[in-house]
Amino acid sequence: MLYPISTNGNAKITTTCAVSQFLKDEDIKKIMNRLDSNAWGDLGVYSEESSNNNAVDATSRKGKGQLLSPNPEDAHPFPQLSHVMAKINDSHWNFDIRYIDFINDSPAVFKYEVGGKHDWHFDSIPTQSTRKLSYTLQLSDSSDYEGGDLEFFDGGSNMTNPEFRKKGNIIVFPSYSWHHITPVTKGVRYAMVGWIHGPAYK
């Protein structure tokens, strides 16, 4: 015999992603000007058991990255980011989101040169189980590179959108969504990525 469990469901949780115009060219320039040419580190897939974050797989993720903290003068771009993330979340998922973790899970800027990619994955992992929303902020013009497309697995097919490539657009999605970056075949793609945290799913 089965007993029903009555809950107040959230009909919005199946939305794959949202895209919105976020930053103007001058705001993106402020981010790019803060990057340190000597601070780029190789990306990799890291072992969950590793205490010192040793990369264990350099084949599924190829690129470079560096952490991005708030601007000391005005915290740019994170006040703007907090506002737009709350607005998008209210419209699409209604998740319980609380904070950006600059200590353990800092936002970063990724650089994908020719051959750069990130194979299929999702962002919710045991060591970061409070990730609720992920975002990618496009820092490059679409004409600056070829390949390097953000795609989502959407019920048997790969889903992408030309809007994902527009400079200044932010793409937001649940951290449990399967997605990948196809290999860059020409030029360089820059993107800011990060995660919004909240209470663990129960």
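Residues numbered from 1 in each chain as written. Predicted model: local features only at pLDDT ≥ 70, side-chain atom pairs only at ≥ 80, totals over all residues. Heavy atoms only, no water.

Peer 1: Explanation requested: the overall build of the protein in the structure shown.
Peer 2: Scanning the protein from terminus to terminus reveals 2 helices and 16 strands. Over its C-alpha trace the protein gives a radius of gyration of 17 Å, about what one expects of a compact globule, namely 17 Å for 202 residues. If you line up the protein on its principal axes, its C-alpha atoms span 65 × 35 × 35 Å. Among the 202 residues that make up the protein, the fraction classed as buried is 44%. The contacts in the protein between residues at least 6 apart in sequence include a share of 84% that link residues at least 24 apart. Of the roughly 11,200 Å² of accessible surface on the protein, 51% is carried by carbon and sulfur atoms. Averaging the positions of the 20 positive and the 24 negative side-chain charges in the protein gives two centres separated by 2 Å. (Helix = DSSP H or I, 4+ residues; strand = E, 2+ residues; numbered from the N terminus. Rg over C-alpha atoms; globule rule 2.2 N^0.38 Å. Buried < 20%, exposed > 50% of the residue type's maximum accessible area, 1.4 Å probe, protein only. Contact = heavy atoms within 4.5 Å. Areas by Shrake-Rupley, 256 points an atom, 1.4 Å probe, with all protein chains shown as cover. Lys, Arg positive; Asp, Glu negative; His and termini not counted. Charge placed at Lys NZ, Arg CZ, Asp CG, Glu CD.)

Peer 1: Looking at this structure, how should I read the sheet that holds strand 12 (residues 158-159)?
Peer 2: Neighbouring strands of a sheet are bound in pairs by backbone hydrogen bonds; such pairs are parallel or else antiparallel. Spatial strand order, 5-8-14-11-12: 5 strands in an open sheet with antiparallel pairing. Either end of the sheet is taken by a strand with one partner, and the two such strands are strand 5 (61-62) and strand 12. Where strand 11 (residues 150-153) lies against strand 12, 2 bridges are found, and the strand directions are antiparallel. The partner of phenylalanine 153 across the bridge, within strand 12, is asparagine 158. (Pairing = 2+ DSSP bridges.)

Peer 1: Where do I start with the sheet that holds strand 7 (residues 108-112) in this structure?
Peer 2: One open sheet holds the 7 strands; their spatial order is 1-13-9-16-7-6-2, and the pairing between them is antiparallel. The sheet is open, and its two edges are formed by strand 1 (18-21) and strand 2 (41-42), each paired on a single side. Sheet analysis places strand 7 next to strand 16 (residues 189-197), joined by 5 bridges and oriented antiparallel. Each bridged residue has a counterpart across the sheet, and for phenylalanine 110 the counterpart in strand 16 is alanine 191.

Peer 1: Looking at this model, I keep getting lost on empty space enclosed by the protein. Mind explaining?
Peer 2: Gaps between atoms show up when a probe of the same size as a water molecule is rolled over them. All told, the structure shown has 1 cavity of 30 Å³ or more when counted by the stated rule. Volume-wise, the largest cavity comes out at about 30 Å³. Together, Gln138, Tyr145, Gly148, Leu150, Phe164, Arg165, Ile171 and Arg189 line the largest cavity. Residue classes in the lining of the largest cavity are distributed as 4 nonpolar, 2 polar and 2 charged. (1 Å grid on protein atoms, 1.4 Å probe; cavity = no way out; pocket = protein on both sides within 12 Å on 5 of 7 lines; lining within 4 Å. Points joined across faces, edges and corners; volume = space filled by probe spheres on them. Nonpolar A, V, L, I, M, F, W, Y, C, P; charged D, E, K, R; others polar.)

Peer 1: What is the right way to read the side chain of glutamate 151 from this model?
Peer 2: Mapping glutamate 151 onto the fold places it in strand 11. Buried charge glutamate 151 goes without a salt bridge, the closest partner of opposite sign being arginine 165 at 8.9 Å. In this structure the side chain of glutamate 151 is engaged in a polar contact, spanning 3.5 Å, whose partner is the side chain of asparagine 158. A distance of 2.7 Å separates a polar atom in the side chain of glutamate 151 from a polar atom in the side chain of histidine 180. Setting aside anything within four residues of it in sequence, one finds glutamate 151 in contact with Trp120, Asn158, Met159, Thr160, Trp178, His179, His180 and Thr182. (Salt bridge = Lys/Arg side-chain N within 4 Å of Asp/Glu carboxyl O. Polar contact = N/O pair within 3.5 Å; in protein donor to acceptor, adjacent residues only side chain to side chain.)

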